[in-house]
Number of protein chains: 2
Amino acid sequence: MSAVLVRPARREDCGEIQRLIQALATFEKFPHGPKLTIEDLERDGFESSPAKFKCFVAEMPDESKTFCGYAMYFPIYSSWMGKGIRIEDLYVTPEFHGTGLGKRLFSLVAKEAYEGDFCRVEFTALGWNPAAGFYRHLGAENVTDSEERNVWRLYRNGMEKLLLHAK
Amino acid sequence: MSAVLVRPARREDCGEIQRLIQALATFEKFPHGPKLTIEDLERDGFESSPAKFKCFVAEMPDESKTFCGYAMYFPIYSSWMGKGIRIEDLYVTPEFHGTGLGKRLFSLVAKEAYEGDFCRVEFTALGWNPAAGFYRHLGAENVTDSEERNVWRLYRNGMEKLLLHAK
């Protein structure tokens with residue numbers, strides 16, 4: 001098998017990126033999660049300044065140009081240590097598990113973070129996700145375990161209620 | 001007591017913001033966490049384009065102009081729902097607990113998120129933090145509890161090791 005090509009995403013990749021976002025959501029048992037259209041991804045990643053996300057994509061080594069993995073990320077900030085990177089999604093299709101592709105994608109983001117003097121790469125994962133061992137092997141620390149750090153979210157219905165009461 | 005003034009931060013606020021970042025870290029039992037200088041905060045928040053963070057600050061209602069709270073935040077992105085906001089820090093000094101100041105700071109960020117059509121406001125908190133009840137009261141959901149969503153971090157020493165091995 002010839003090598004998978006991993007490269008930064010371009011605007012015309014958004015259809016394939018959206019397909020893999022759906023595949024990841026289905027794997028995570030939230031098949032109805034994804035709501036973004038290809039046009040949303042084109043606008044947010046390639047027509048906005050600054051781009052709202054960046055992406056590495058992995059292209060199958062054949063003429064299909066089908067994608068077999070991606071890593072979506074964007075800058076974050078720590079009030080202790082300064083700029084960081086968050087990996088929002090990291091996904092490799094099942095047939096490429098065990099080929100080192102996940103590590104290649106992760107390492108490319110880590111390289112960008114390291115060379116750009118970012119303080120850390122952060123991401124979240126579901127507790128049952130079997131990738132936990134893989135993340136640990138790559139040197140990442142589960143800070144929900146070590147610091148009991150919990151993730152909280154306020155969705156739009158929560159914002160609405162809050163702003164009604166705040167009036 | 002006259003009302004506390006809550007307003008967007010300006011460049012000259014970075015000294016007071018840094019003081020409160022330290023106060024929050026001390027409260028969180030990580031007093032040696034903060035490493036950023038006032039100049040770092042000035043550069044990242046007020047001399048970079050785009051700014052790496054935004055901030056609301058709460059000013060004491062007296063001539064001291066001392067701060068009694070702040071909320072630091074920045075944009076994030078969801079591959080399912082699009083743009084969001086992360087609150088990195090939300091802090092109110094102990095003497096202002098119970099005055100509604102935390103809710104005012106949180107609501108201002110939620111207002112910006114709601115009116116800007118952001119999909120969610122996300123933040124992390126330590127599991128033992130007594131503010132959990134406050135967050136829930138404001139409408140936020142602990143997705144570490146509900147989805148078993150864990151936070152992972154790769155620090156610079158982890159990046160170094162990974163990139164050495166990836167060579």
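Here the structure is a predicted model, which means the values were calculated and not measured.

(A) Highlighting the pattern of salt bridges. Taken as a whole and assessed by the stated rule, the structure comprises 38 salt bridges over all chains. Glu12(B) serves as the salt-bridge partner of Arg10(B), at 3.3 Å between the closest nitrogen and oxygen. The exposure class of Glu12(B) is exposed, given its relative accessible area of 59%. With a shortest N-O distance of 2.8 Å, Lys54(B) and Glu112(B) are connected by a salt bridge. Taken together, the residues Lys54(B) in strand E2 (residues 54-59) and Glu112(B) in helix H3 (residues 101-115) connect sequence positions 58 residues apart. By relative accessible area, which is 26% here, Glu112(B) ends up partly exposed. Here the salt bridges do not stand alone but share partners, grouping Arg86(A), Glu88(A), Arg153(A), Arg120(B) and Glu122(B) into one network.

(B) Representation of the sheet that holds strand E5 (residues 120-126) of chain A. Ordered in space as E1(A)-E2(A)-E3(A)-E4(A)-E5(A)-E7(B)-E6(A), the seven strands form an open sheet in which the pairing is mixed. Whereas interior strands pair on both sides, the edge strands pair on one side only; in this sheet they are strand E1 (5-8) and strand E6 (141-142) of chain A. Bridging between E1(A) and strand E2 (residues 54-59) of chain A involves four bridges; their strand directions are antiparallel. Note on E2(A): the bridge partner recorded for Leu5(A) is Glu59(A).

(C) Focus on helix H1 (residues 14-27) of chain B. For H1(B), with 14 residues, the first-to-last C-alpha span of 20 Å sits near the 20 Å given by 1.5 Å per residue. Among the structural elements, helix H2 (38-47), E2, strand E3 (67-78) and strand E4 (82-92) of chain B are those in contact with the buried residues of H1(B).

Conventions adopted
- Each chain carries its own residue numbering, running from 1 in the written order of its sequence.
- Note on labels: chains are lettered from A, ligands numbered from 1, in written order.
- Where totals are concerned, whole chains, interfaces and linings use all residues; where local detail is concerned, this predicted model gives features only for residues with pLDDT of at least 70, and gives and counts side-chain atom pairs only at 80 or more.
- Hydrogens and water are ignored here; the side-chain numbers use all heavy atoms of the structure.
- Salt bridge, as applied in this entry: a Lys or Arg side-chain nitrogen positioned within 4 Å of an Asp or Glu carboxyl oxygen.
- We call a residue buried when its accessible area falls under 20% of the maximum for its residue type, exposed when it is over 50%, and partly exposed in between, using a 1.4 Å probe and counting protein chains only.
- Put simply, DSSP marks the helices as runs of H or I at least four residues long and the strands as runs of E at least two long, and each gets a number from the N terminus on.
- Two strands make a pair as long as DSSP finds a minimum of two bridges between them.
- In this analysis, the expected span of each helix is defined as 1.5 Å times one less than the number of residues it contains.
- A contact between two residues is defined here by any heavy atoms of the two lying within 4.5 Å.

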